[in-house]
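Close look at the chain arrangement
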Protein chains: 2
Amino acid sequence: MTGPARFDVVAFDADDTLWRSEDSFHAAEQRFVELLGPHAPEGVDVAAALSAIERANLSISGYGVKAFTLSMIEAAISISGARVPASVIDELLTIGREMLTEHVHLLPHVPEVLAEVGRHHRLVLITKGDLVHQTRKITTSGLEHHFDHVEVVLEKDPDTYQRIVDHLDVAADRFCMVGNSVRSDVLPVLEIGGHAVHVPYHLTWAVEHVEHHDADFAELASIADVPRWLAGAA
Amino acid sequence: MTGPARFDVVAFDADDTLWRSEDSFHAAEQRFVELLGPHAPEGVDVAAALSAIERANLSISGYGVKAFTLSMIEAAISISGARVPASVIDELLTIGREMLTEHVHLLPHVPEVLAEVGRHHRLVLITKGDLVHQTRKITTSGLEHHFDHVEVVLEKDPDTYQRIVDHLDVAADRFCMVGNSVRSDVLPVLEIGGHAVHVPYHLTWAVEHVEHHDADFAELASIADVPRWLAGAA
């Protein structure tokens, strides 16, 4: 780093930016399809039915493993015409419990990157989802000490980001968000006049897909490239 | 109000302090007992089994309706030896969905009390539970505009309250919490040097029961008495 830092605050998303998350949902969906296959009528797309129920429940149940587990159970009952045995529902509960308690798998380079970026910036963690599960992941990740402030939010929209920059007392133009979701980590931050870096993950949840946008922002292949990018942005 | 206010910030709990909550859980438990009765072995205490599973899941699932619904389903499978029909599980999902979407029933006098107390103090809302459900209740309650700040927290312990008073930049001695739970709204606030007023509700969740304490704090019969108490405390 040669000049003064371009940003005062660098904020990181957590799921699929600092640690794996979507892999577990993906594995759970595959397990759901296997479990429900024998109980579904011919020709029913089990995965699509689960996905539709998940989406329909979002506004009531929000994001996270508990909401997902309830959607799996609802889909199992619906797909089977209420003929699914309790033993299958019990397996769905077990899948949910395992997701809530599994170890956090950090993505490569994350601790070093946070240490490096934290040397020149205030670091903030902004994650969407279930309060108890996100908090458990943060406290067991070994990363919490890097962050000056942690926010678990309901939805990552422009209002949420505006509230956070106000709370942090930082100008939007001095705030940079790093995350894997164009929809949640990039576009709403640009909308309030902030900056964002997109670090894609190999899996993206359907709900996070953005079809079209004409925003212009940095996209990096790996979180390991973030310190160099920040130095260049200075 | 004659003299200067004794407190800078008055914080309110939400569930069973500003609006009814425990009534719904109580009704759901009764419905659970009726639904499971026919599927439980002779002599099994269905309500006690549910309560034990709820408690066992607290550290993983946290507080709130989604966690409670998952515990009902787990208890139904366990009590019935996995013989409960999917139609009963479906009814449990419906109970949970109704709890998540039911209208907020404000307790008597709440809007006037908040308006009155807000004239002389900064008002804060501190509630424990599920982020999406608590947020929905706050935004649909018609009370949100009274509050300068809202916190949905995982656990109401001394660390949480300390973090909040630090964030609000208020001395603990100038902070007063109003709520229905001695365990969550009173004792941890006294522990950090703050003040608290207990306004009991006619139902208390078993987990919130406190057997013994020797703390000395105000207990008011109704939230309607809070403005007068605050004026007297000045």
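Thresholds, definitions, all that
Residues numbered from 1 in each chain as written. Chains lettered and ligands numbered in written order. Predicted model: local features only at pLDDT ≥ 70, side-chain atom pairs only at ≥ 80, totals over all residues. Helix = DSSP H or I, 4+ residues; strand = E, 2+ residues; numbered from the N terminus. Rg over C-alpha atoms; globule rule 2.2 N^0.38 Å. Buried ≥ 20, exposed ≤ 12 C-beta atoms within 10 Å, placed from the backbone. Contact = placed C-beta atoms within 7 Å. Expected span 1.5 Å × (residues − 1). Arc of directions from axis to C-beta. Least-squares fit on C-alpha atoms with pLDDT ≥ 70 in both. Nonpolar A, V, L, I, M, F, W, Y, C, P; charged D, E, K, R; others polar. Pairing = 2+ DSSP bridges. Domains from an automatic or database assignment. Axes fitted to C-alpha atoms, helices over the stretch in contact; angles between N-to-C directions. pLDDT = per-residue confidence, 0-100. Parallel < 35°, antiparallel > 145°, perpendicular 65-115°, else oblique. Left-handed = near helix turned anticlockwise from the far one by under 90°.

**So, the overall build of chain A**
Secondary structure summary: chain A contains 9 helices and 6 strands in total. Radius of gyration (C-alpha) of chain A: 19 Å, near the 17 Å computed for a compact globule of 234 residues. Oriented by its inertia axes, the alpha-carbon framework of chain A measures out at about 65 × 35 × 30 Å. Going through the 234 residues of chain A one by one, you find that 38% of them count as buried. The contacts in chain A between residues at least 6 apart in sequence include a share of 68% that link residues at least 24 apart.

**Considerations on helix α4 (residues 86-101) of chain A**
Residues and elements named next belong to chain A. Here α4 contains 16 residues, and its C-alpha end-to-end distance of 23 Å stays within 8% of the 22 Å for a straight helix at 1.5 Å per residue. For α4, every residue scored as buried is listed here: Ala86, Ile89, Leu92, Ile95, Gly96 and Leu100. Projected down its long axis, α4 carries its buried residues within an arc of 165°, all on one side.

**Notes on the relation of the copies chain B and chain A**
The operation linking the two copies of the chain is a rotation about an axis combined with a translation along the axis. If you rotate chain B by 180° and push it 0.0 Å along the axis, it lands on chain A with an RMSD of 0.0 Å. Both chain copies can therefore be described as sitting about a two-fold axis. The fraction of interface residues of chain B whose copies in chain A are also interface residues reaches 100%, indicating that both copies meet through the same surface.

**Some words on the interface of chain B and chain A**
Listed as interface residues are 27 residues of chain B and, on the opposing side, 27 residues of chain A. Of all the secondary-structure elements, those providing two or more residues to the side of chain B that touches chain A are α2 (46-61), α3 (65-79), α4 (86-101) and α6 (131-140) of chain B. Per element, the largest residue contribution to the side of chain B that touches chain A is 8 residues, and it comes from α4(B). The class makeup of the residues in the side of chain B that touches chain A is 15 nonpolar, 7 polar and 5 charged.

**Describing the pairing of strand β1 (residues 9-12) of chain A**
Residues and elements named next belong to chain A. Here β1 shows two buried faces, one formed by Val9 and Ala11 and the other by Val10 and Phe12. Pairing between β1 and strand β2 (residues 122-128): 4 bridges, direction parallel. Each bridged residue has a counterpart across the sheet, and for phenylalanine 12 the counterpart in β2 is leucine 125. In this structure, β1 lies alongside strand β4 (residues 175-179), joined through 4 bridges in parallel fashion. Across the sheet, phenylalanine 12 pairs through a bridge with valine 178, a residue of β4.

**Points about the domain arrangement of chain A**
Residue and element names in this part refer to chain A. Annotation of chain A at the domain level lists domain 1 (9-19 + 104-233) and domain 2 (22-101). On a C-alpha basis, the centroid separation for the pair domain 1 and domain 2 is 29 Å. Of the residues that constitute the side of domain 1 that touches domain 2, the class distribution is 6 nonpolar, 2 polar and 3 charged.

**Here we look at the environment of B:Ala40**
All names here are of chain B. Relative to the assigned elements, alanine 40 resides in the loop between α1 (22-36) and α2. Here the alpha-carbon distance between alanine 40 and glycine 81, two residues 41 residues apart in the chain, equals 8.3 Å. Ignoring anything within four residues of it in the chain, the contact list for alanine 40 reads Val46, Ile79 and Ser80.

**Some thoughts on the sheet that holds strand β3 (residues 149-153) of chain A**
All names here are of chain A. With respect to topology, 6 strands assemble into an open sheet ordered β3-β2-β1-β4-β5-β6, the strand pairing being parallel. Of all strands in the sheet, those with a lone pairing partner are β3 and β6 (218-219), marking the two edges. On the sheet, helix α7 (residues 158-168) packs against β1, β2, β3 and β4 and is oriented at approximately 160° with respect to β3.

**Points about the sheet that holds strand β4 (residues 175-179) of chain B**
All names here are of chain B. Taken in spatial order, the 6 strands of this open sheet run β3-β2-β1-β4-β5-β6, and their pairing is parallel. In this open sheet, the two edge strands, each paired with only one partner strand, are β3 (149-153) and β6 (218-219). Alignment of β4 against strand β5 (residues 195-198), held across 4 bridges, turns out to be parallel. For methionine 177, the partnering residue across the bridge sits in β5 and is alanine 196. Against the sheet, α6 makes contact with β2 (122-128) and β3, and its axis sits at roughly 150° relative to β3, the strand it touches most. Strands in contact with helix α8 (residues 182-191) are β2, β4 and β5; relative to β5, the strand with the most contacts, it is inclined by about 155°.

**Some points on the confidence of the model for chain A**
Here chain A averages 93 in pLDDT, and 96% of its residues register 70 or above. Confidence estimates for the predicted assembly give a pTM of 0.91 and an ipTM of 0.90.

**Description of the packing of helix α2 (residues 46-61) of chain A against helix α3 (residues 65-79) of chain A**
Residues and elements named next belong to chain A. Close contact between α2 and α3 brings their axes to 9 Å; oriented N to C, the two are set at 130°. Relative to α3, α2 is oriented oblique. Viewed along their axes, α2 and α3 form a crossing whose handedness is right-handed. Here Val46, Ala49, Leu50, Ile53, Glu54, Asn57 and Ser61 of α2 come into contact with α3, specifically with Ala67, Phe68, Leu70, Ser71, Met72, Glu74, Ala75, Ser78 and Ile79.

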